[in-house]
Amino acid sequence: MEAKLTLVGAGPGDGELITLKGIRALEKADVVLYDELASNALLDFAPVHAMKIYVGKKAGETSFSQDEINGLIVRLARKKGHVVRLKGGDPFVFGRGHEEMQYARDYGIEVEVVPGVSSCIAVPASMEIPVTRRGVSESFWVITGTTQDGTLSDDLRLAVQSKATVVVLMGLSKLNEICELYKHFGRGHLPMAVIQNGTRADEKSVIGQVWEMPELVREHGIRTPAIMIMGEVVALHPSYAYEYLQHAGISC
């Protein structure tokens, strides 16, 4: 029995968006440690004998601390063999995957990384919102809304002033602050979308402008997990064009 850890990106939520390599890793798992953002349907790819342990984190709720997860990886790899760490999106995009990889390697455990489809591009794409578009946006930022000390990232202040598309993950609790920052820099009328449970059957979304987004989110009952997209590319979504052309008195 060889102790091994495979970090697998489960994709943005739709179980069909995992990679083929990710499925093959699950098929060889002795243990699966899975997150809240990973589709439960993916567990069916693991062998019947495999242990399946939920170690996810919901907003305000934590089943295991990161230190406890690290310890579980090492203990179970040594005892059971092949541990698959199934993480939502891509394990190296705000997923703490690199920390888990390093911890396991420090204990002499072999590690393989299977990249995943990140919600920062897949969720906008599923809504027909491109993060880049010729003549509209030449680049995009991906920023966490939840820093280690609980404050807004300094990078966001720079991103707000750029013409790039800005995608904020894990930032719904900071929605008011983020919108105020945009308004401070005179960008309150920038198109914006907030998408909950992107790519899933229970997906919910609102599309509008920065200045009105806190109220729209409240009205539509948008909750975590959600991503925010700010930028002119949001205006390419059909519902945005319809809404704001109607306001301008232009027939669609």
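Located above this text is the structure these notes cover.
Predicted model only: the values in this text are computed from it and were never measured.

Trainee: I'm lost on the overall build of the chain in this one. Help?
Mentor: Counting its secondary structure elements, the chain contains 8 helices and 12 strands. Its C-alpha atoms give the chain a radius of gyration of 20 Å, within 12% of the compact-globule value 18 Å for 252 residues. Over its C-alpha atoms, taken along the principal directions, the chain stretches across nearly 70 × 35 × 35 Å. Of all 252 residues assigned to the chain, the portion counted as buried reaches 50%.

Trainee: Would you take a moment to explain the nonpolar core for this structure?
Mentor: As a rule of thumb, soluble globular proteins bury nonpolar side chains together. Core analysis: the biggest nonpolar cluster contains 24 residues, and M192, V194, M213 and M230 have the highest contact counts within it. If you list the elements that add at least two residues to this core, you get α5 (154–160), β9 (165–169), α6 (175–184), β10 (191–196), α7 (213–220) and β12 (226–230). Per element, the largest residue contribution to this core is 5 residues, and it comes from α6. Beyond its immediate stretch of four places on either side in the chain, M213 contacts L175, C179, M192, A193, V194, V206, I207 and G208.

Trainee: How should I be thinking about the packing of aromatic side chains in this particular structure?
Mentor: Aromatic ring pairs are reported here in terms of the distance separating the ring centres and the angle at which the planes meet. A complete count under the given rule lists 2 aromatic pairs for this structure. On the basis of an interplanar angle of 40 degrees and a centroid distance of 5.0 Å, the ring pair of Y103 and Y107 is categorised as tilted.

Trainee: Explain the pattern of salt bridges here, please?
Mentor: Once their charged atoms are close, side chains differing in charge can pair, the charge on each being opposite to the other. One pass over the structure, following the stated rule, counts 9 salt bridges. With its nearest N and O atoms 3.0 Å apart, the salt bridge here joins E112 to K4. Of this pair, E112 sits in strand β7 (residues 110–114) while K4 sits in strand β1 (residues 4–9), placing them 108 residues apart in sequence. Between R218 and E215 there is a salt bridge, with the nearest N and O atoms lying 2.9 Å from each other. Of this pair, R218 and E215 both sit in helix α7, 3 residues apart, which is roughly one turn of that helix. Residue E215 is classed as partly exposed on the basis of its relative accessible area, which comes to 38%.

Trainee: How should I be thinking about the environment of V74 in this particular structure?
Mentor: On the secondary structure map, V74 appears in helix α2 (residues 66–80). Judged by its relative accessible area of 5%, V74 falls in the buried class.

Trainee: Please clarify how α2 should be interpreted in this entry.
Mentor: Three or four residues apart is the spacing at which side chains of an α-helix point the same way, because the helix has 3.6 residues per turn. Relative to the 21 Å expected for 15 residues at 1.5 Å per residue, α2 spans 20 Å between its end C-alpha atoms, a close match to the ideal helical length. Every buried residue belonging to α2 is among Q66, I69, N70, G71, L72, I73, V74, L76 and A77, and all of these are buried.

Trainee: Is there a simple way to explain helix α3 (residues 97–106) in this structure?
Mentor: Taken as a whole, α3 has its buried residues at G97, E100, M101 and A104. Looking straight down α3, one finds that the buried residues subtend no more than 100 degrees of arc, so they occupy a single side. Two residues or fewer past α3, G108 is found with a positive phi of approximately 75 degrees.

Trainee: Explain the sheet that holds β9 here, please?
Mentor: What links the strands of a sheet is backbone hydrogen bonding, and the strands pair in either a parallel or an antiparallel sense. Ordered in space as β8-β9-β12-β10-β11, the 5 strands form an open sheet in which the pairing is mixed. The open sheet has two edge strands, β8 (140–144) and β11 (204–209), and neither has a second partner. Geometrically, the sheet is characterised by an average inter-axis angle of 15 degrees between neighbouring strands, direction not taken into account. Sitting on the sheet, helix α4 (residues 119–126) touches β8, β9, β10 and β12, and the angle it makes with β12 is about 75 degrees.

Trainee: Honestly, the pairing of β10 in this entry has me stumped. Any pointers?
Mentor: In regular strands, side chains alternate between the two faces of the sheet. Taking burial as the measure, the 6 residues of β10 include 6 buried ones, the bulk of the element. Of the two faces of β10, the one holding P191, A193 and I195 and the one holding M192, V194 and Q196 are both buried throughout. Judged from the 6 bridges that link them, β10 and β11 form a sheet pairing that is antiparallel. Among the inter-strand pairings, A193 is bridged to a residue of β11, identified as I207. The pairing of β10 with β12 spans 5 bridges and is antiparallel. Bridging from a neighbouring strand, M192 pairs with M230 of β12.

Definitions and limits used
Residues numbered from 1 in each chain as written. Predicted model: local features only at pLDDT ≥ 70, side-chain atom pairs only at ≥ 80, totals over all residues. Heavy atoms only, no water. Helix = DSSP H or I, 4+ residues; strand = E, 2+ residues; numbered from the N terminus. Rg over C-alpha atoms; globule rule 2.2 N^0.38 Å. Buried < 20%, exposed > 50% of the residue type's maximum accessible area, 1.4 Å probe, protein only. Core = buried A, V, L, I, M, F, W, Y, C linked by side-chain atoms within 4.5 Å. Contact = heavy atoms within 4.5 Å. Phe/Tyr/Trp six-rings, centres within 6.5 Å; stacked < 30°, edge-to-face > 60°. Salt bridge = Lys/Arg side-chain N within 4 Å of Asp/Glu carboxyl O. Expected span 1.5 Å × (residues − 1). Arc of directions from axis to C-beta. Pairing = 2+ DSSP bridges. Axes fitted to C-alpha atoms, helices over the stretch in contact; angles between N-to-C directions.

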